Amino acid sequence: MREIELKVNGLRRKLGVADDELLLDVLRREFGTTSVREGCGVGACGACTALVGGKSVSTCLSRAARFDGAEITTADGLPDDDEVVDEFVANRAMQCGYCIPGFVMMAHELLGENPQPTDEEVVEHLEGNICRCGTYSEIHAAIKAAATRRAARNERATA
Amino acid sequence: MTTVESRSSVAAVGERWARVDGRAKVRGELRYAADQPVRPCLDVAVHRSTRPHAKITAIDTSRALAAEGVVAVVTGADLYAEFGDRLMTGPAFSDQPCLAYGKVRYVGEPIAAVIAHGVKQAREAAELIEVSYDELEPVHDVDKAVQGAPFVHDELRPSIVFGDLKHLRGKRDTNVNYEYNLRKGDPSSVSGTTVSYDFWCPPTHHVPIELPYAAAWCEGERLELMATTQTPSYVRQSLADLLDLPLNRVRVRTAPLGGSFGAKMYDRLEPLVAALAWTQKMAVKITATREEAFLLTTRHGCAVAGSMTADENGMIVASTSDVRYDTGAYADVGPRITAKSGLVAPGPYKIENVRVKSRCVYTNKPSAGPFRGFGVPQVTWAHESLADELARQLGEDPVEFRRRNMLREGDIAPVGTPMHSADFLGSLDAVTEAIGWGTPFVKQEGTLVRGRGVAVGVKAVLTPTISNAVVQLNQDGSASLLISTIDMGQGSDTIMAQIAAEVLCLGEGDVRVIQADTDVTPYDTITAGSRSTYHTGNAVRLAAENMRDKLVELAAERFGVEATDIKLTSDGLVSAQTQETVSVSELLHGHFGARGTTLTAEANFSTSWQPYDHENGLSPQVTEHWFAGAAAVQLTVDTATGRIHIEHLAVAGDVGRAINPAMVEQQLSGAAIMGIGHALFDQMVFDEGQIVNGTLLDYQLPSIKDMPDKLTPIIIESPHRTGPFGAKGVGETTIIPLAPAIANAVRDATGVRITTLPLTPERVLTALEEQP
Ligand code: FES
Ligand code: FES
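Numbers given for residues are sequential positions, taken from 1 along each chain in its written order. Lettering for chains starts from A, numbering for ligands starts from 1, and both go in the order in which the items are written. Only residues with pLDDT of 70 or above have their local features reported here, since the model is predicted, and side-chain atom pairs are shown and tallied only from 80 upward, although totals for entire chains, interfaces and linings are computed over all residues. Values shown for side chains rest on all heavy atoms present in the structure; no hydrogens or waters enter the calculation.

(A) Region of interest: the pattern of salt bridges. Whenever Lys or Arg places a side-chain nitrogen within 4 Å of a carboxyl oxygen from Asp or Glu, that contact is recorded as a salt bridge. All chains considered together, the criterion is met by 59 salt bridges over all chains. Here Lys705(B) makes a salt bridge to Glu124(A), at a shortest N to O gap of 3.2 Å. One end of the pair, Lys705(B), is in the loop between strand S34 (690-691) and strand S35 (710-716); the other, Glu124(A), is in helix H4 (residues 119-126), on a second chain. Here's how the labels work: a residue is buried when its accessible area is under 20% of the maximum for its type, exposed when over 50%, partly exposed in between, all with a 1.4 Å probe on protein chains only. The class of Glu124(A) is partly exposed, set by a relative accessible area of 46%. Glu665(B) serves as the salt-bridge partner of Arg16(B), at 3.0 Å between the closest nitrogen and oxygen. Helix and strand definitions follow DSSP, with helices as H or I runs of at least four residues and strands as E runs of at least two, each counted in order from the N terminus.

Below, the structure is given as structure tokens:
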């Protein structure tokens, strides 16, 4: 057991975790974040993706103890007016929905690093996430639309 | 593309309503089964067989029992002592125990369960169980299995679910648990040009991203269960039989599913948690790991030896198919697949002389069950490759050849049932037009060769089945819909709401679908086989119409006019005679004299069939209706690497009427993308009965990188006379012709006919090298 501190979706908490406990399980149990989910347990599907300091992490492979002091964002903690969420909804980028929060977080990471990704860059970035319902076209369109909207917003802000 | 009924003033059917809970899905706030609040549960893990076929001679559970956190260890023998033969469940044969006793029949079969405080403790303790075996000779492939011993089961024991299996009771000394034969005319009596091949589709896995989960506990004298299942009504019956309880003492709840595609049907984890909860009087839950999910069910591997003959006029005159479905150690729904898919083995063509022999065969592998397409993609792989090859050998355009031979409205399918609302021609024309069939293209660029291919598919909807619906109209004008159809991504919660809203003139968001709970929601056969839009949709339509009639009665009373004088509109109820209007809300308030009251209406919808003749397999009505779909593809094959790249894939499905076109397009595309996996790389690999690629690191699935450069989903609407607003299902139509369309394009590009799936680069390269 170790005591660590995590800041999840803006909420800071101290908690005890076992040495081999996965970040995935800690997020679900201690913070109730239903948006991180196990799909494969081996880092191959992306259903468990969270952002740690803006970088995507497969929480199914990550031991929680190593994240002492980290700032973590999950899809259910995004602000109400999040443009990535809005564009996923508007572009119908969901079927069963199970994989989608993982894609949302990947989209956040991508747009954070590369505000105007090309089609190829979007594909490269999402390659490690699986949507078994086959919602890829809609997800792709949603990310492009979110990029456009974010650019317009930034322009307004700097104008 | 006509419409069956005129639109009412408020349009709901045919509109692109947003998916219910779309935002909750995107934010990850939707609660799937494992996220639902239930009482605290102990965790279950199972110890699995390491042998494909063996007698269990001893089980030592002492080390597991002594392990940290362990509460109980239960073996198959313990459960058999409690339940006897009732331990055996299954939709077709009572052949599958939730824990093996006496004998194991595949590597990975559960033998004993550990109940512990915590998943980790349970899984670690399960490893400590020691089993001694007396090995028996295993049988790994269908061709050996049909020849004789060794036998996977000593005796075949049909369950009571399928009436047509009763005659098998007591049958011994065979691995063939079901055989369907179609005999029409005599294929050996005709001559012409014949092509014949042996085809193979390997077993594949559904891999819904949500893992299977089940929790169960006793509530006094009742058993309660929350699980990832698309068949709650079936599970309730199955558990009631297992525990020998009346139906009202078993409660099955479920939640929206994170995908299923057939994986979460019939008996999966549910009998195990129910048996443990009931015998141990504990609340227990089990979550399968991905590796374990691969062992729960698969798609049938399938061998087809097929031939097709055409006469000098290019008419198909004969077709033969010897189909062998590998059902693994347990039959599950394999016998039904064997018959219902065997009967479309000749394809969507007019053929006078037909022989189909379709067999369901036990082997020592994990059990195969339903998978999107229900066995039809496997036989379509054969008939669409044969039709294509026959056309090419006749020197004819594969599209023209198909058009000439295709079944049209009113034609009798080889199985003896007439076609209605199955627009093969429209589907074929739409997809070929979309990819520019007939327009010239550059055949070769360096090592890349380019080709085009097409295929069509036919499938019968599951018949007979039963659906019920209850509509509850609230005094404020909002409605709740009680059905046991499960939304697993296909969007049924949205389209069922649209059907009810259309009848009751309600708006988007006014109808809420209640999650399946067998204590509350009425019987529905299953959510599968693309039956729900038609069957449950009709039950919902009828229940809503009953509700409309009730409202009309109340309004007639209120206005003092004849009921025939009243019309329901989006503004409420209107009298044509007096022009008086009353809103639903006011009407109900006036009737009950209180706010918050409810008015309830219900309906049942059932379909019937005429069972096929056991001699010749023919029936004048073998199904309620047919599905038609087509795929056309343009692709390149790299002759240096064997890699296939899809430039344009067009898919079409005849859905009768699209209740929600946006969701229909998603189903058409989703099935096509899954089909790309089956065509190019997706397969379960076994070595001596052991899965060697049962993790997502090793099992390849289509990613965004495997998307075609262009994917065109096309909705065909040939309204069904008795469908709700003309609608039928859609979820399977485009997976059916997908693999042969791709292989036919590879044939076009390279001249090579490949008959084994998937078309991996190695397989393509080998075929190119062996090319004469
Ligand atoms: S569950 Fe973590 S990547 Fe699949
Ligand atoms: S929406 Fe179902 S897995 Fe992606």
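(B) View of helix H9 (residues 334-342) of chain B. All names here are of chain B. In terms of residue burial, H9 counts as a mostly covered element, since 9 of its 9 residues are buried. Residues of H9 that are buried include every one of Gly334, Pro335, Arg336, Ile337, Thr338, Ala339, Lys340, Ser341 and Gly342, and no others. In this analysis, two residues are considered to be in contact whenever any of their non-hydrogen atoms come within 4.5 Å of each other. Buried-residue contacts for H9 involve strand S11 (176-184), strand S19 (316-328), strand S20 (353-362), strand S21 (368-369) and helix H10 (376-393).

(C) Expanded view of the UniProt feature "domain: Aldehyde oxidase/xanthine dehydrogenase a/b hammerhead" (unreviewed entry) in chain B. UniProt positions are given in the numbering used here, feature names are shortened, and annotations may be inferred rather than shown by experiment. Mapped onto this numbering, the UniProt entry annotates "domain: Aldehyde oxidase/xanthine dehydrogenase a/b hammerhead" (unreviewed entry) at residues 27-137 of chain B. Secondary structure across residues 27-137 of chain B comprises 21% helix and 35% strand; the distance between its end C-alpha atoms is 52 Å.

(D) Structural view of empty space enclosed by the protein. All names here are of chain B. Using a grid of 1 Å spacing that covers the protein atoms alone, one calls a set of points a cavity when a 1.4 Å probe fits there but cannot get out, and a pocket when the set is open and has protein on both sides within 12 Å along at least five of seven lines; lining residues are those with an atom within 4 Å of a point. Grid points are joined across faces, edges and corners, and a volume is the space filled by probe spheres set on the points. Within the structure shown, the criterion is met by 10 cavities of 30 Å³ or more. Of the volumes computed, that of the largest cavity is approximately 660 Å³. Taken together, 46 residues line the largest cavity, and the ones lying closest to its centre are Met488, Gln490, Ser530, Gln667 and Gly731. Where the lining of the largest cavity is concerned, the elements lending two or more residues are H9, strand S23 (448-460), helix H13 (492-504), helix H14 (532-559) and helix H16 (661-680). Of the residues forming the lining of the largest cavity, the biggest block, 4 residues, is contributed by H16. Nonpolar residues are Ala, Val, Leu, Ile, Met, Phe, Trp, Tyr, Cys and Pro. Charged residues are Asp, Glu, Lys and Arg, and all others, Gly as well, are polar. Here the residues of the lining of the largest cavity sort into 21 nonpolar, 18 polar and 7 charged. In this structure, the second largest cavity spans a volume of roughly 270 Å³. Around the second largest cavity, the lining is made up of 21 residues, and of these Cys98, Pro110, Arg268, Leu269 and Leu296 lie nearest the centre. Taken together, the elements giving at least two residues each to the lining of the second largest cavity come down to strand S1 (42-48), strand S5 (96-97), helix H7 (270-280), strand S16 (284-287) and helix H8 (290-296). Counting residues per element, the lining of the second largest cavity draws most heavily on H8, at 3 residues. Considered class by class, the residues forming the lining of the second largest cavity number 13 nonpolar, 3 polar and 5 charged.

(E) Local environment of the pairing of strand S2 (residues 54-60) of chain B. Residue and element names in this part refer to chain B. For two strands to be treated as a pair, DSSP must find at least two bridges joining them. Pairing analysis gives 2 bridges linking S2 to strand S6 (residues 103-104), with the strands arranged antiparallel. By the bridge assignment, lysine 55 is partnered in S6 with lysine 103. In the sheet, S2 pairs with strand S8 (residues 130-135) via 6 bridges, with the strands oriented antiparallel. Counterpart to alanine 58 in the pairing with S8 is serine 132.

(F) Structural context of the packing of aromatic side chains. In summary, the pairing rule links any two rings of Phe, Tyr or Trp, Trp by its six-membered ring, whose centres are within 6.5 Å, and it sorts them by plane angle into stacked for under 30 degrees, edge-to-face for over 60 and tilted for everything else. Per the counting criterion, the structure on display carries 11 aromatic pairs over all chains. An angle of 55 degrees between the planes, with centres 5.2 Å apart, marks the rings of Phe294(B) and Tyr699(B) as tilted. Taken together, the residues Phe294(B) in helix H8 and Tyr699(B) in the loop between S34 and S35 connect sequence positions 405 residues apart. Note on accessibility: Phe294(B) and Tyr699(B) belong to one class, buried. Their ring planes at 75 degrees and their centres at 5.6 Å tell us that Tyr534(B) and Phe605(B) sit as a pair that is edge-to-face. One end of the pair, Tyr534(B), is in helix H14; the other, Phe605(B), is in strand S30 (residues 598-606), with 71 residues separating them in the sequence. Neither Tyr534(B) nor Phe605(B) differs from the other in exposure class; each is buried. Pairwise contacts between aromatic rings join Tyr180(B), Trp609(B) and Tyr612(B) into one cluster. Above the ring of Phe31(A), the side-chain terminus of Arg13(A) is found at 5.1 Å from the ring centroid. Geometry around Phe371(B) places Arg299(B) over its ring, the cationic atom sitting 5.7 Å from the centre. Two conditions define a charge located above a ring, namely a distance within 6 Å from the ring centre to NZ of Lys or CZ of Arg, and an angle within 35 degrees of the ring normal.

(G) Layout of the nonpolar core. Phe88(A), Leu223(B), Trp626(B), Leu649(B) and Leu759(B) are the most contacted members of the largest nonpolar core, which totals 216 residues. Among the elements that make up this core, the one with the highest residue count is H16(B) (9 residues). Once residues lying within four places of it in the same chain are set aside, the contact partners of Leu223(B) are Ala216(B), Trp217(B), Leu239(B), Leu243(B), Leu245(B), Arg249(B), Val250(B), Arg251(B), Ala274(B), Ala277(B) and Trp278(B). Judged by nonpolar contacts, the second largest core, of 49 residues, contains Leu481(B), Ala501(B), Leu554(B) and Leu588(B). Buried Ala, Val, Leu, Ile, Met, Phe, Trp, Tyr and Cys residues that are joined via side-chain atoms within 4.5 Å together make up what is termed a nonpolar core.

(H) Inspection of the side chain of Glu210(B) at higher detail. Secondary-structure assignment places Glu210(B) in the loop between strand S12 (193-201) and strand S13 (213-219). At 2.7 Å, the side chain of Glu210(B) and the backbone nitrogen of Gly258(B) are in polar contact. Look past the residues within four positions of Glu210(B) in its chain and what remains in contact with it is Tyr98(A), Tyr32(B), Ala33(B), Thr228(B), Leu257(B), Gly258(B), Gly259(B), Lys264(B) and Arg290(B). Throughout this description, a polar contact denotes any pair of N or O atoms lying within 3.5 Å of each other; where both atoms belong to protein, one of them has to be capable of donating a hydrogen while the other can accept it, and for residues adjacent in sequence the pair is counted only when both atoms sit in side chains.

(I) Geometry of the layout of surface pockets. If you add up the space inside the largest pocket, you get close to 1600 Å³. Lining the largest pocket are 41 residues, and of these Asp25(A), Arg28(A), Asp43(B), Val119(B) and Lys285(B) lie nearest its centre. Broken down by secondary-structure element, the contributors of at least two residues to the lining of the largest pocket are helix H1 (23-31) of chain A together with helix H4 (119-127), S16 and H8 of chain B. For the lining of the largest pocket, the class distribution of residues is 14 nonpolar, 9 polar and 18 charged.

(J) Structural context of the environment of His125(A). All names here are of chain A. Residue placement: histidine 125 occurs in helix H4. A relative accessible area of 18% places histidine 125 in the buried class. As for histidine 125 and methionine 106, which are separated by 19 residues in sequence, their C-alpha atoms are 7.4 Å apart. Ignoring anything within four residues of it in the chain, the contact list for histidine 125 reads Met106, Glu109, Leu110 and Glu113. Within polar-contact distance, the side chain of histidine 125 engages the backbone oxygen of methionine 106 at 3.2 Å.

(K) Representation of the environment of Phe199(B) within the structure. All names here are of chain B. Position of phenylalanine 199 relative to the elements: it lies in strand S12. Taking C-alpha positions, phenylalanine 199 is 28 Å from lysine 264, a pair spaced 65 residues apart along the chain. Residue contacts for phenylalanine 199: discarding those within four places in its chain leaves Cys302, Ala303, Val304, Trp381, Ala382, Ser385, Leu386 and Thr755.

(L) Geometry of the domain arrangement of chain B. Residue and element names in this part refer to chain B. The source of the domain bounds is an automatic or database domain assignment. The assigned domain composition of chain B is domain 1 (2-30 + 465-606), domain 2 (206-296) and domain 3 (301-463 + 612-770). Distance from the C-alpha centre of domain 1 to the C-alpha centre of domain 3: 37 Å. Between domain 1 and domain 3, the contact holds 32 residues from the first and 30 residues from the second. Summing the contributions of domain 1 and of domain 3, the shared interface buries around 2500 Å²; its carbon and sulfur component is 62%. Linking domain 1 to domain 3 there are 9 residue pairs in polar contact (both at pLDDT 80 or more). At the level of elements, H13 and H14 are the ones that each hand at least two residues to the side of domain 1 that touches domain 3. When its residues are assigned to classes, the side of domain 1 that touches domain 3 shows 9 nonpolar, 15 polar and 8 charged. Reported buried area values correspond to the accessible surface (1.4 Å probe) lost by two parts on association, with both partners' losses combined.

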